[in-house]
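Chain residues, written in single-letter form:
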Amino acid sequence: MSLNAVKGTHDIYAEEAKCYQYIKNVFQAVAELYGYMPIETPILEHTEVFCRSTGEGSDVVRKEMYTFLDKGERSLTLRPEITAGVARAIVENKMLFNFDSPLKLYYVGPAFRYERPQLGRYRQFIQAGVENIGVDNAYADAETIALAMRVLNYLGFKGLKVKVNTLGDKASRDAYREALKKYFEPLLPNMCDDCKSRYELNPLRILDCKVKEDQELVKNAPKSKDFLSEEAEDRFYKTLSILSDEGIDYEIDDTLVRGLDYYGHIVFEVSGEEYGALLGGGHYDNMLHNFGAKAEVDSGVGFAFGIERIYSLMKDKGLFDNIDKGLDIYVMPLSEDLIEHGYILSEQLRGLGYSVESPYKAAKLGSLFKKANRRKAKVALIFGEDEINNGKIQVKILDREEQIEADLSTLDHTLNDIFNAIDSDDGCCCGDECEGDDCCCGHHHDHEEGHGEHCCGHHHDHEEGHEGHCCCGHHHKDDGDN
Ligand code: HAM
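None of the values given here were measured: they were computed from a predicted structure. Chains are numbered independently. Their residues run from 1 in the order of the written sequence. The predicted nature of this model means local features are confined to residues of pLDDT at least 70 and side-chain atom pairs, given and counted, to a pLDDT of 80 or more, with totals for whole chains, interfaces and linings taken over all residues. Side-chain numbers come from the whole structure's heavy atoms, not from hydrogens or water.

What to know about the pattern of salt bridges
Keep this limit in mind: Salt bridge criterion: a side-chain nitrogen from Lys or Arg within 4 Å of a carboxyl oxygen from Asp or Glu. Elements are defined by DSSP. Helices are runs of H or I of four residues or more, strands are runs of E of two residues or more, and each kind is numbered from the N terminus.
Inspection of the entire model under this criterion finds 31 salt bridges. Ionic pairing is found between Lys225 and Asp254, a salt bridge with its closest N-O pair at 3.1 Å. Pair noted here: Lys225 is in the loop between α9 (212–219) and α10 (230–245) and Asp254 is in the loop between β8 (250–252) and β9 (263–272), with a separation of 29 residues, a long-range link. Across the pair Glu401 and Lys396 runs a salt bridge, and its minimum N-O distance is 3.6 Å.

Here's what the structure looks like:
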């Protein structure tokens, strides 16, 4: 018996947890820019949910699911992906009747696949994704890709490319499937066992085979583009022209089929030379029908990415270097009797929107400064009996080694002035006076693109009084209003 974390799972804490939170915040803010609503579905679903939609032809369903019988002999599965559960939830909760169509939903949550654990691949991982359901339109496909690119751009990734392919409509796919069967039939005896099953269940999956010898055979296989109906072809090129007009860099990859069975029409992956694949998704039809619904438009489009992979790439590239802005204030009472003063003062300052820590027990000043340093605190508030008796407090701006004595009664104004000065020195997201491209929410943004283009995806319009915590999870302050 082991008491360690289960193989392929991992604990996320401290700095790493902050970085995960940052990725989620940026993703959520961008999804909301595009009008998406959050959805949370159960991690446990009936196994049938995935067999019907994710697909029995996919490796994920055939080999990688955590499936078990519960005490009531029901076959349950820890979700290997989230799209299928979202579709089930839409039908079960009659969402298409209760909300306007299309339904634009985003999610972040754990998924489970019994895969060989390796760098960036886990058995429990966190997926963030969107589904735009009840729509069958090239603009929806293009918008979904644009959303994905915006998330990655705001996270700081550069030089990204979208690989796209089309699997066409049902007629195109049926014709293509037949052509693939014809092509692979004589080659099958020399192919891997997985490909032999894929041949029976869904020959398109053979194109995904990772075995080197099989990949050679895949190179000469028929291409989906040669089996497209005119309508499906027009639809694909319409999406591509929207992407071109928007300046999104794409490349057609006619071996791209993606690993799940539900895709039709466009499929895509975003990658970069320095990074490999970052995210994938595509269009699907008849998803709601799998759960017994007759929807007027039973189509959708979406994507998902694994937060672990995005995190490890961002860490390697130093893309988190600016996000931890640290604590605003470290409160330093100089004796045990002043701990309560420290506690009350900290609570008052938190009420003003500052992030504050104070010790629960008296400690030496040297040790408090060390802690404040580790927490990257900007200001220390130091006080002994004399200061308190005289209504005073020492305010030390830590990175400038500057110290002033302030009146406790007007401390809020003093801090306001100090933090405004720190913010303008730092180069704030409020834009005009900013030097360089460091936004206060910890990331790069292009000032020329204006205030609507911040990394966290929201307007930081100070005149409108956007105060306190920014959607990117960091604290920033408006002029004169902390
Ligand atoms: P997927 O490509 O199977 O698509 O997974 C999406 C993302 O989840 C991958 O790009 C990868 O980053 C991450 N991922 C998958 N397996 C693992 C793993 N074992 N460890 C860490 N990360 C992993 C889907 O799941 C579709 N539901 C995407 C979608 C949404 N298509 C349409 N709507």
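Digging into the sheet that holds strand β2 (residues 44–46)
Either a parallel or an antiparallel arrangement is found when strands of a sheet pair, and the pairing is made through backbone hydrogen bonds. Note the threshold: When DSSP finds two or more bridges between two strands, those strands count as paired. Fitted lines through C-alpha atoms serve as axes, helices being fitted only where they are in contact, and the angles separating the N-to-C directions of these axes extend from 0 to 180 degrees. Residue contacts are counted whenever heavy atoms from the two residues lie within 4.5 Å of one another.
Read from one edge to the other, the open sheet built from 3 strands follows the order β2-β4-β3, with strand pairing classed as antiparallel. Every other strand in the sheet has two partners, leaving β2 and β3 (66–69) as the edge strands with one partner each. The mean inter-strand angle of the sheet, taken between neighbouring strand axes irrespective of direction, is 35°. Here β3 runs beside strand β4 (residues 75–78); their pairing, made up of 4 bridges, is antiparallel. Of the residues in β4, the one forming a bridge with Leu69 is Ser75. Taken strand by strand, helix α2 (residues 47–55) contacts β2, β3 and β4, and its axis lies near 75° from that of β2.

Quick word on the sheet that holds strand β12 (residues 329–333)
One open sheet holds the 5 strands; their spatial order is β13-β12-β14-β15-β16, and the pairing between them is mixed. Of all the strands in the sheet, just β13 (356–357) and β16 (402–407) have a single pairing partner and so form its edges. In the sheet, β12 pairs with β13 via 2 bridges, with the strands oriented parallel. Following the sheet pairing, Tyr330 is matched in β13 by Glu357. Helix-sheet contacts for helix α13 (residues 365–374) involve β12, β14 (379–383) and β15 (392–397), and the interaxial angle to β12 is about 170°.

What to know about the packing of aromatic side chains
What counts is decided by this rule: In summary, the pairing rule links any two rings of Phe, Tyr or Trp, Trp by its six-membered ring, whose centres are within 6.5 Å, and it sorts them by plane angle into stacked for under 30 degrees, edge-to-face for over 60 and tilted for everything else. Throughout, exposure labels follow a simple rule: accessible area from a 1.4 Å probe, protein chains only, divided by the maximum for the residue type, with under 20% read as buried, over 50% as exposed, and the rest as partly exposed. By definition here, charges over rings are those cases where NZ of Lys or CZ of Arg is within 6 Å of the ring centre and within 35 degrees of the ring normal.
For the structure shown, the criterion picks out 13 aromatic pairs. Taking 5.2 Å as the distance between ring centres and 50° as the angle between the ring planes, the aromatic pair formed by Tyr20 and Tyr311 counts as tilted. Of this pair, Tyr20 sits in helix α1 (residues 14–33) while Tyr311 is found in helix α11 (residues 307–316), placing the two residues 291 residues apart along the sequence. Taken individually, Tyr20 and Tyr311 each receive the classification buried, so the pair is uniform in this respect. Between Phe27 and Tyr106 the ring centres are 5.9 Å apart and the planes differ by 85°, which places this aromatic pair in the edge-to-face class. Taken together, the residues span a long stretch of sequence, with Phe27 in helix α1 and Tyr106 in strand β5 (residues 103–112) at a distance of 79 residues. With respect to class, Phe27 is no different from Tyr106; both count as buried. The structure contains a cluster of three or more aromatic residues connected by ring pairs, namely Tyr20, Tyr22, Tyr311 and Phe320. Here Arg123 stacks its cationic end above the ring of Tyr114, 3.9 Å away from the centre of that ring. We note Lys181 situated over the ring of Tyr199; from NZ or CZ to the ring centre the distance is 5.1 Å.

Re the nonpolar core
Operational definition: Within this scheme, the nonpolar core is defined by two criteria: the residues are buried Ala, Val, Leu, Ile, Met, Phe, Trp, Tyr or Cys, and they are joined through side-chain atoms within 4.5 Å.
Membership of the largest hydrophobic core comes to 50 residues, with the highest contact counts inside it found for Phe157 and Phe305. At 11 residues, the largest contribution of residues to this core is made by helix α6 (residues 138–155). Discounting residues that sit within four places of it in the chain, Phe305 has contacts with Ile23, Phe27, Ile126, Gln127, Ala128, Val151, Leu278, Leu279 and Ile310.

Topic: the side chain of Arg123
Filter applied, for reference: A residue counts as positive if it is Lys or Arg and as negative if it is Asp or Glu; His and the chain ends are not included. Pairs of N or O atoms are called polar contacts if they sit within 3.5 Å, as long as, within protein, a hydrogen donor faces a hydrogen acceptor (for residues adjacent in sequence, only side-chain-to-side-chain pairs).
Along the chain, the position of Arg123 falls in the loop between β5 and β6 (124–133). For Arg123, which is buried and forms no salt bridge, the nearest opposite charge comes from Glu115, at a distance of 8.4 Å. Within polar-contact distance, the side chain of Arg123 engages the backbone oxygen of Glu115 at 2.8 Å. Residues contacting Arg123, with those up to four places away along its chain left out, are Lys7, Gly8, Tyr66, Ala111, Phe112, Arg113, Tyr114, Glu115, Arg116 and Pro117.

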